[in-house]
Amino acid sequence: MSTLCLTLRERPSQCVDMSPLVADHLAHLSPAETAAIELTQGNRKVRVDSLFTVTGRSASHLEICNSCERLDRIGAGMTHGRIVVQGDTGASLAAGMRGGHVEVQGNVGAFAASGLSGGSVHVTGDAGDFLGGAIPGDRHGMRGGTVLVAGNVGDRAGDRMRRGTLLVEGRAGDYCASRMVAGTIAIWGGVGRFPALAMRRGTLLLLQAPGALLPTFNDCGTYPLGFLSLLVRSWRVLPGRFATLPEGGLPARRFMGDLANDGSGEILIPA
């Protein structure tokens, strides 16, 4: 069965909520019924076929072509299937996603993967602020799953992260892993100011030493950590730089904190 392909005709005048277009909602719809789905654009409803050219019919594999930053909430809440986006996306990509895979061949906006509890997200470009972070009023950000970003990410990546794995091949902005509750964040290209502010638990792996750490982190010394080999081994199936890390010989300098907030988290810097 051919891939369901939505090709954006022109850049919308207002942001569009794309969350209805997931395999969970499309499974039993004909192409004509898919084209008639109403999406929220600003304060009004618009049909899918008023914005996109619709071809194919496979609900489990959706491709969005010619995408732009005004397409919000792509893949939000999905539990299965695959979405490939050619171009940029707006805010809240894969928000609340519980399964499946989303791949973006471009940049993504703020709050991508917020509330993610399962599945995987791969972004070949950059990501905005609060990647995997909590939306206002929510207690937790990411709750599971895997997010891989090939480019840079904005401020507050992993804010209030509860579980899961967040991998960034580029650079992260300020307050990375702020208020982190649990999970794993690995940053290849360095971080901005105040990493792991108010961190409670979890692991922040920095493959490049930061300029400075908060004084509420305690230097515990340098020694081999066996679980890092297990982590690296699990990343072998992923595309990109993290799959190239050596499985053995990863001694790391360990900093425990934030001592002002339980102090059970850790920042690891390979020695």
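S.K.: I keep staring at the nonpolar core and nothing clicks. Help me out?
M.R.: As a rule of thumb, soluble globular proteins bury nonpolar side chains together. One finds Phe52, Leu93, Leu131 and Leu204 to be the most contacted residues of the largest nonpolar core, which totals 60 residues. Beyond its immediate chain neighbours, meaning those up to four positions away, Phe52 contacts Leu6, Thr7, Leu8, Arg9, Met18, Leu39, Ile64 and Leu71. One finds Leu167, Trp188, Phe242 and Ala252 within the second-largest nonpolar core, a separate group that totals 15 residues.

S.K.: Explain the side chain of Glu63 to me, please; I cannot follow it from the model alone.
M.R.: Looking at the secondary structure, you find Glu63 in strand β6 (residues 58-67). For Glu63, which is buried and forms no salt bridge, the nearest opposite charge comes from Arg82, at a distance of 7.8 Å. Apart from residues lying up to four places away in sequence, Glu63 is in contact with Thr3, Leu4, Cys5, Leu6, Val84 and Gln86.

S.K.: How should I be thinking about helix α4 (residues 226-234) in this particular structure?
M.R.: Side chains three or four residues apart in an α-helix point the same way, a direct result of the helix having 3.6 residues per turn. Every buried residue of α4 is accounted for by Leu228, Ser229, Leu231 and Val232. Considered in projection along α4, the buried side chains sweep an arc of 160° and stay on one side of the axis. Turned more than 90 degrees away from the buried face of α4 sit Gly226 and Leu230, all of them exposed. Residues of α4 that are buried in the fold lie against β13 (184-187), β14 (203-206), β16 (251-257) and β17 (265-270).

S.K.: Hey, could you run me through the state of the cysteines in this one?
M.R.: Disulfides are covalent bonds that link the sulfur atoms of two cysteine residues. A full pass over the atoms with the stated rule returns 0 disulfides. The thiol of Cys5 is unpaired, and the distance to the nearest cysteine sulfur, on Cys65, comes to 3.5 Å. Residue Cys5 is classed as buried on the basis of its relative accessible area, which comes to 14%. The cysteine Cys220 is free of any disulfide, with Cys176 supplying the nearest cysteine sulfur at 19 Å.

S.K.: How should the packing of aromatic side chains be read in this particular structure?
M.R.: Overall, the coordinates contain 4 aromatic pairs when judged by the stated rule. Ring centres 4.8 Å apart and planes at 10° place the aromatic pair Phe111 and Phe130 in the stacked group. Of this pair, Phe111 sits in the loop between β9 (101-105) and β10 (120-123) while Phe130 sits in the loop between β10 and β11 (143-149); the two residues are 19 residues apart in sequence, bridging distant segments of the chain. Taking the centre distance of 5.4 Å and the plane angle of 85° together, the rings of Trp188 and Phe242 count as edge-to-face. Placement of Trp188 in the loop between β13 and β14 and of Phe242 in the loop between α4 and β16 is noted, with a sequence separation of 54 residues between them. Residue Trp188 shares its accessibility class with Phe242, and that shared class is buried. An aromatic cluster is defined as three or more aromatic residues linked by ring pairs; in this entry it consists of Trp188, Trp235 and Phe242. Over the ring of Tyr175 we find Arg156; its NZ or CZ atom is 4.5 Å from the centre of that ring.

S.K.: Help me out: how do you make sense of the side chain of Thr34 in this one?
M.R.: Its place among the elements puts Thr34 in helix α2 (residues 31-35). On the basis of relative accessibility, which here comes to 3%, the residue Thr34 falls in the buried class. Not counting the four nearest positions on each side in its chain, Thr34 is found in contact with Leu4, Leu26, Leu29 and Val48.

S.K.: Help me out: how do you make sense of the sheet that holds strand β2 (residues 16-17) in this one?
M.R.: Two modes of strand pairing occur in sheets, parallel and antiparallel, and in both the strands are linked by backbone hydrogen bonds. With mixed pairing, 4 strands are arranged side by side in an open sheet as β4-β3-β2-β7. Of all strands in the sheet, those bounded by a partner on one side alone are β4 (44-47) and β7 (71-72). Pairing geometry for β2 and β7, over 2 bridges, is parallel. Looking at the pairing, Asp17 lines up with Asp72 of β7.

What counts and how
Residues numbered from 1 in each chain as written. Predicted model: local features only at pLDDT ≥ 70, side-chain atom pairs only at ≥ 80, totals over all residues. Heavy atoms only, no water. Core = buried A, V, L, I, M, F, W, Y, C linked by side-chain atoms within 4.5 Å. Buried < 20%, exposed > 50% of the residue type's maximum accessible area, 1.4 Å probe, protein only. Contact = heavy atoms within 4.5 Å. Helix = DSSP H or I, 4+ residues; strand = E, 2+ residues; numbered from the N terminus. Lys, Arg positive; Asp, Glu negative; His and termini not counted. Salt bridge = Lys/Arg side-chain N within 4 Å of Asp/Glu carboxyl O. Arc of directions from axis to C-beta. Disulfide = S-S within 2.5 Å. Phe/Tyr/Trp six-rings, centres within 6.5 Å; stacked < 30°, edge-to-face > 60°. Lys NZ or Arg CZ within 6 Å of the ring centre and 35° of its normal. Pairing = 2+ DSSP bridges.

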